[in-house]
Each structure stands twice: as structure tokens, then as C-alpha cells.
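What follows is the residue order along each chain.
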Amino acid sequence: MKPWSGNSGDALIWLGTERLLKDLGIPRTFDPRKADVILIPGGNQTMWQENIDVWKEAWTRWPGKKFVVGPTTARLGYTTWRQDVDQSGRNVVGIFARDPESYATLCECGLSSRIEIGLSHDPALYLWDSDLLGAHREAATEEFVLAAFRRDHEAVVHFGTRRILWESLLPFFLCRRIRRRRVDTHREDRIALVTQHTRRAEPVRVCDASRDIFEHFLEIVRSAAEVHTDRLHCMLLAVMLGKPTFAYQTAYGKLEAICEHSLRGRAPVEFVKDTRSLPSGARRFPLASARVPQP
């Protein structure tokens with residue numbers, strides 16, 4: 001298993017994959033020179049160039065090893081992953097999606113016939129009945145309402161066509177500042193929305209918990225009376241710990257897709273209709289109740 005740059009949500013993916021491989025009786029080694037397969041466990045690989053750089057490092061350093069990407073979000077236009085896979089030689093033998101839209105992308109983007117593709121579930125969900133999460137469910141409290149929102153290019157902010165054209169004439173650093181300010185303003189609006197939405201007496205705690213070290217991430221979510229988030233694994237952890245969970249859209253529907261695909265019928269996740277973030281005519285995802293099929 002090849003590590004990649006990520007956060008504590010990605011640690012859930014890693015641990016879920018470790019547990020799955022152990023249950024399947026598949027041996028692991030820390031030495032890639034002795035491995036038959038180098039596996040990137042999954043996550044949101046294709047929207048972050050630093051993750052694609054890890055792919056390229058792996059198949060360049062160990063050209064004789066098979067290379068597989070586990071259940072991931074697959075999107076085009078954010079990174080060079082599609083071109084890089086074409087240039088990788090024969091190393092890449094499998095790429096798997098964690099939602100149907102990503103699977104459709106893999107089917108339609110013209111990958112080599114030697115690359116096996118498939119549709120699975122986010123590996124973090126394999127921890128649902130684990131001793132680790134069982135212990136955290138027993139230790140759970142209800143101390144605050146958690147508001148955990150992101151501040152990167154996955155955050156949903158719609159700029160409008162005229163503004164984008166106008167900003168294209170500005171220097172890059174100035175455009176970046178303008179867009180960052182909009183993301184911050186949007187995040188502040190969502191925090192205000194949490195305060196309006198919740199009916200709990202507990203105080204609202206603003207904390208992008210997924211960016212903290214793993215044990216603190218677990219502690220923050222297990223201590224919440226309810227969780228409001230646009231972070232996928234903050235949502236999944238909250239659901240697996242039995243917390244009332246309120247999800248907010250990202251820039252491309254990641255949370256909605258995985259709720260529909262992997263959570264239908266098992267645990268309630270309410271999607272808050274944040275109408276200020278939606279362009280005219282956009283689809284508003286209905287309240288989702290979801291169920292994870294057993295792996």
C-alpha cells in the first residue's frame with residue numbers, strides 16, 4: 001500500500017483497506033521491491049495533482065510492479081492523471097471508482113483495454129463494524145454541534161460566467177485572492193446556516209476536523225451532538241458513529257453520489273439545501289436515507 005498526501009479522512013480509507021486485505025488473507029509488505037502489486041488505497045485521487053505525482057513516482061521507481069488505484073473519485077480537467085496513465089507503460093493494471101459517476105468517467109475516457117476498471121465503495125466504510133469504531137461509539141458524548149467545512153477548490157462556490165471572464169483579465173495572484181475570499185465568505189455563510197438550522201442547545205463548534213491529526217479527528221466527531229459538514233469522511237465517520245448528520249454539497253456532488261451509492265437505507269443523512277450556493281436551475285439533492293451493502 002503506497003501512502004499519499006491527504007488528511008485524517010484519508011486515514012480512514014487506509015485503515016479500511018488494511019482491514020479488508022487482512023480479512024481476505026492477502027499478505028502485505030512494507031518493501032515495494034518485494035511486492036507483486038503497489039496499491040493506492042483510493043480517496044479523491046484525480047482532483048489533486050500531488051496525488052497524481054505519487055502515482056508517477058510509484059510506477060517510475062518500480063517499473064516491474066503492477067499498479068492499482070483503489071476506489072477513488074474520478075474527474076477529468078483538474079489534474080493530468082489521464083495523460084499520465086497513457087504514458088505509464090504497462091504498469092497500471094486497475095483503477096476503481098467509488099461512485100457511479102466516477103465509474104462512468106472511467107468507462108468513457110478511453111483507458112487502455114489492459115486496465116481493469118470497476119465500481120466499489122469507499123474503503124472507509126469497511127470500518128463500520130470494526131473494534132476501533134465500536135470503542136469510539138461507546139465513548140461518544142454530545143458536547144457541541146460540529147460545523148466542519150472546507151476551504152479549498154472542492155468547496156462549492158459559483159462565480160458566474162461574467163465574473164469569470166472579467167477575472168481572466170486580472171493577474172493570477174489577484175484572482176486567487178478574490179476566489180479565496182469568496183470561499184471564506186461562503187464558509188462563513190454556511191456556519192451561520194448551521195446556527196439557524198440546528199435545534200440543539202449545545203454551542204456550535206467550528207472546526208475542520210479532517211485536517212487535524214487522526215486521533216483528534218475521531219475525538220472531535222465522537223464528541224459532537226450532531227455534525228454539519230461538506231467533508232466526505234467527516235460525514236462518513238459521523239454516520240458510522242451514529243451521529244445525526246447534515247451534509248452540504250461540494251463543487252461536484254461527491255457527498256451526494258456516495259450517499260446514493262453506498263449509504264442508501266442504512267443511516268439517515270440530511271442534505272441541507274444551501275440555496276445561496278446553487279446557480280439558477282441547479283438540481284437540489286433530496287434528503288437521503290442510505291444503506292451500505294455488505295462488502
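The following refers to the structure shown. Because the structure is predicted, anything quoted here is derived from the model rather than measured.

Looking only at helices and strands, the chain has ten helices and ten strands in total. Looking at the chain residue by residue over its 295 residues, the buried ones come to 52%. Considering only contacts within the chain whose residues lie at least 6 apart along the sequence, 71% involve residues at least 24 apart. Per element, the accessible surface of the chain, about 14800 Å² overall, is 52% carbon and sulfur.

Okay, the nonpolar core next. Counting 35 residues, the largest nonpolar core has Leu146, Phe217, Val221, Met235, Leu237, Leu263 and Val269 as its most contacted members. Contributing elements (two or more residues each) for this core: β5 (144-148), α8 (214-222), β7 (224-229), α9 (232-240), α10 (254-263) and β9 (264-271). A per-element tally of this core places α9 first, with eight residues. The residues touching Leu237, leaving out its near neighbours within four places in the chain, are Leu12, Leu133, Phe217, Leu218 and Val221. By size, the runner-up hydrophobic cluster in this structure holds 27 residues, among which are Ile13, Ile40, Val54 and Leu106.

In the sheet, strand β3 (residues 92-97) pairs with strand β4 (residues 116-119) via four bridges, with the strands oriented parallel. Considered in β4, the bridge of Ala97 is made with Leu119. Regarding topology, helix α4 (residues 100-108) serves as the crossover connection from β3 to the parallel β4, and that connection is right-handed.

Judged by side-chain polarity, Leu20, Leu24 and Ile26 come together as a nonpolar surface patch covering roughly 260 Å² of accessible area. Look at Leu20 and you get partly exposed, because its relative accessible area is 31%.

Here is what the cut-offs are and how they apply
Residues numbered from 1 in each chain as written. Predicted model: local features only at pLDDT ≥ 70, side-chain atom pairs only at ≥ 80, totals over all residues. Heavy atoms only, no water. Helix = DSSP H or I, 4+ residues; strand = E, 2+ residues; numbered from the N terminus. Buried < 20%, exposed > 50% of the residue type's maximum accessible area, 1.4 Å probe, protein only. Contact = heavy atoms within 4.5 Å. Areas by Shrake-Rupley, 256 points an atom, 1.4 Å probe, with all protein chains shown as cover. Core = buried A, V, L, I, M, F, W, Y, C linked by side-chain atoms within 4.5 Å. Pairing = 2+ DSSP bridges. Right-handed = clockwise from strand over helix to strand, strands pointing away. Patch = residues over 30% accessible without salt bridge, like charges linked within 9 Å, V, L, I, M, F, W, Y side chains within 5 Å. Salt bridge = Lys/Arg side-chain N within 4 Å of Asp/Glu carboxyl O.

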